[in-house]
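# Observations on chain architecture
Residue strings, one per chain:
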Amino acid sequence: MDAALLLEYGWVLLVLIALEGLLAADNALVLAIMVKHLPDDQRKKALFYGLFGAFIFRFGSLFVISFLVDVWQVQAIGALYLLYISINHIVRAFLSRRSETEEAADDKGPAANPKKKSGFWMTVFKVEVADIAFAVDSILAAVALAVALPASGLPPIGGLDGGQFIVIFLGGLIGLIIMRFAASFFVKLLQERPGLEVAAFVIVGWVGIKLTVITLAHPSLAILPEHFPENSIWKLSFYIVLVGIALAGWFLSSKKTITEDENAVKEVKEEIKQDL
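What you are looking at is a predicted structure, and each value in this text was computed from that prediction instead of being measured. (Residues numbered from 1 in each chain as written. Predicted model: local features only at pLDDT ≥ 70, side-chain atom pairs only at ≥ 80, totals over all residues. Heavy atoms only, no water.)

## Section: the overall build of the protein
Selection criterion: Secondary structure follows DSSP: runs of H or I at least 4 residues long count as helices, runs of E at least 2 residues long count as strands, and numbering of each begins at the N terminus. Relative accessibility thresholds used throughout: buried, under 20% of the residue-type maximum; exposed, over 50%; partly exposed, between the two (1.4 Å probe, protein chains only). Using the Shrake-Rupley algorithm and a 1.4 Å probe, accessible areas are obtained, with residue cover drawn only from the displayed protein chains.
Across its full length, the protein holds 10 helices and 0 strands. Along the protein, from the amino end to the carboxyl end, the secondary structure elements read α-α-α-α-α-α-α-α-α-α. Taking all 276 residues of the protein together, the buried fraction comes to 45%. Summed over all atoms, the accessible surface of the protein reaches about 14700 Å², with 68% contributed by carbon and sulfur.

If you want it as structure tokens, here you go:
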């Protein structure tokens, strides 16, 4: 690879790391809440089984997708899915009127009809399903970002250039590492700058638009010119908008002071950092 190619691949990998970090923080908090009712030893096992299953699913899916990535119907489904989860999350975020403090108060208040807690294996199953859902989001976003990269010259894997496959592989691996070691940092960041979570899902939607462009440029459809996704102006425009979304999420979200009652980082540290 020449320097320009390495720079482009490195930039896409950095974007994936940032996106994986923001998504992994939300995911880690969800998993912590899902297993918190279990005894300590079972909690560790449930999270381990869940992450192990996510690891197998991510990389098994990656090999399958590498063979299907050139099928325009698969591209279209992936684009629609990314747009759906983006719009769904943003709509729910704006419709939600209850603050995290109020939700915490509801959880701590007296429960007239307490919910029955799931047993160990049912909790493992729920964690597994949640991990798979998180993995689908990450893999599709990584594929949409990587497939328009220029050929690296490495041997192809399935329908993907070897370099593209490595970028997607590293993105998924880094996502799991972040869930294990850096979840509390990103949870704290999201709590202090809540606009970043919305920005992350706006970026997911923008990546869905990128995958839509790739689909429309597929030779079987030819609605857009075949090489349009590789056009330098389109690529530059895409990343300028992406960075603009991230900056807007940062600067339009005033920094919040988190009280002890609202501290989700403490919960993640207790439930994730020591248990995963």
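There is more to say after this.
## Considerations on the packing of helix α2 (residues 40-68) against helix α5 (residues 120-146)
Put simply, the rule reads: Lines fitted to the C-alpha atoms define the axes, with helices restricted to the stretch that makes contact. Angles between their N-to-C directions range from 0 to 180 degrees. Note on convention: the crossing is left-handed when the near helix lies turned anticlockwise from the far helix by less than a right angle, right-handed when the turn is clockwise. Following the grouping adopted for this structure description, the nonpolar residues are Ala, Val, Leu, Ile, Met, Phe, Trp, Tyr, Cys and Pro, the charged ones are Asp, Glu, Lys and Arg, and the polar ones are all others, Gly among them.
It is the contact of α2 with α5, at a shortest axis distance of 8 Å, that shows an interaxial angle of 35°. With respect to the hand of their crossing, α2 and α5 are arranged in right-handed fashion. Split into classes, the residues belonging to the contact of α2 with α5 amount to 16 nonpolar, 5 polar and 4 charged.

## Topic: the pattern of salt bridges
Stated formally: Basic side-chain nitrogens of Lys or Arg form a salt bridge, by our definition, when they fall within 4 Å of a carboxyl oxygen of Asp or Glu.
Counted according to the given criterion, the structure contains 1 salt bridge. Residue E8 pairs with K235 through a salt bridge whose shortest N-O separation is 2.8 Å. Residue E8 is located in helix α1 (residues 3-35), and its partner K235 is located in helix α9 (residues 232-251); the two are separated by 227 residues in the primary sequence. By relative accessible area, which is 13% here, K235 ends up buried.

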